[in-house]
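# Coordinates in review
Residues per chain, in single letters:
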Amino acid sequence: MGCLGNIIWFLACGLWEGFSWVIAGLLWSITIIGIPIGKQCFKLASLTFFPFGKEIEYGGGSVSVIANVFWLIFSGIPLACVAVLNGVLLCITIIGIPFGLQCFKIAKLSLMPFGATIRYI
């Protein structure tokens, strides 16, 4: 399911969800202070483009908490709302349920992305 799921995902909604992460990364990278946050956005854009076959493990320290607070205030809520809306729309049909679940995984990541690591399964 991984390869086929990623292809269908990319064509259905992964392209524009991934670009939203890229745009957030570009906006964060405008300032020197925001470059580390922008760099993380680009890493997570690759997950958003192709989410099947990847798991997310959450953790991190105090620096991650501080970055997550700034992220949540400025960028996290809009990205999470887009992912939840996509997930709800995709879960309307039986065929779309696996894709909707991927949207919910990305929505959770959109709220607190720092300290999260991507694990390939």
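Only a predicted model underlies this, so the values are computations on that prediction, with no experimental measurement involved. (Residues numbered from 1 in each chain as written. Predicted model: local features only at pLDDT ≥ 70, side-chain atom pairs only at ≥ 80, totals over all residues. Heavy atoms only, no water.)

From N to C terminus, the protein includes four helices and two strands. For the protein, the α and β elements follow one another from N to C terminus as α-α-β-α-α-β. Since a compact globule built from 121 residues should have a radius of gyration of about 14 Å, the 14 Å found for the protein is in line with a globular shape. By its C-alpha atoms, the protein is 45 × 25 × 20 Å across when sized along the principal axes. Here the protein, with 121 residues, has 40% of them falling under the buried criterion. (Helix = DSSP H or I, 4+ residues; strand = E, 2+ residues; numbered from the N terminus. Rg over C-alpha atoms; globule rule 2.2 N^0.38 Å. Buried < 20%, exposed > 50% of the residue type's maximum accessible area, 1.4 Å probe, protein only.)

Right, let's get into the confidence of the model for the protein. Here the protein averages 87 in pLDDT, while 99% of its residues score no lower than 70. Mean pLDDT per element in the protein: strand 2 (residues 117-120) is the minimum at 84, and helix 4 (residues 97-111) is the maximum at 89. (pLDDT = per-residue confidence, 0-100.)

In a regular helix each residue adds 1.5 Å, so 15 residues correspond to 21 Å; helix 2 (residues 35-49) covers 21 Å between its end C-alpha atoms and thus fits that length. Where helix 2 is concerned, the buried positions are Ile37, Gly38, Gln40, Cys41, Leu44, Ala45, Leu47, Thr48 and Phe49. Contact partners of the buried residues in helix 2: helix 1 (2-28), strand 1 (54-57), helix 3 (62-90), helix 4 and strand 2. (Expected span 1.5 Å × (residues − 1). Contact = heavy atoms within 4.5 Å.)

Here the focus is the nonpolar core. One finds Trp9, Trp21, Cys41, Trp71 and Leu109 to be the most contacted residues of the largest nonpolar core, which totals 24 residues. Per-element tally for this core: the top contributor is helix 2, with six residues. Other than its neighbours up to four places away in sequence, tryptophan 9 contacts Gly14, Glu17, Thr48, Phe49, Pro51, Phe52, Leu90, Phe99, Gln102, Cys103 and Ile106. (Core = buried A, V, L, I, M, F, W, Y, C linked by side-chain atoms within 4.5 Å.)

Right, let's talk about the packing of aromatic side chains for a bit. If you walk through the whole model with that rule in mind, you get eight aromatic pairs. Where tryptophan 71 meets phenylalanine 114, the ring centres are 6.0 Å apart and the plane angle is 80°; that geometry is what we call edge-to-face. Separated by 43 residues along the polypeptide, tryptophan 71 in helix 3 and phenylalanine 114 in the loop between helix 4 and strand 2 bring together distant segments of the chain. Residue class for tryptophan 71 comes out buried when judged on its relative accessible area of 0%. In this structure phenylalanine 114 comes out as buried when scored by relative accessible area, which is 9%. Aromatic rings pair up to connect Trp21, Trp28, Trp71, Phe74 and Phe114 into one cluster. (Phe/Tyr/Trp six-rings, centres within 6.5 Å; stacked < 30°, edge-to-face > 60°.)

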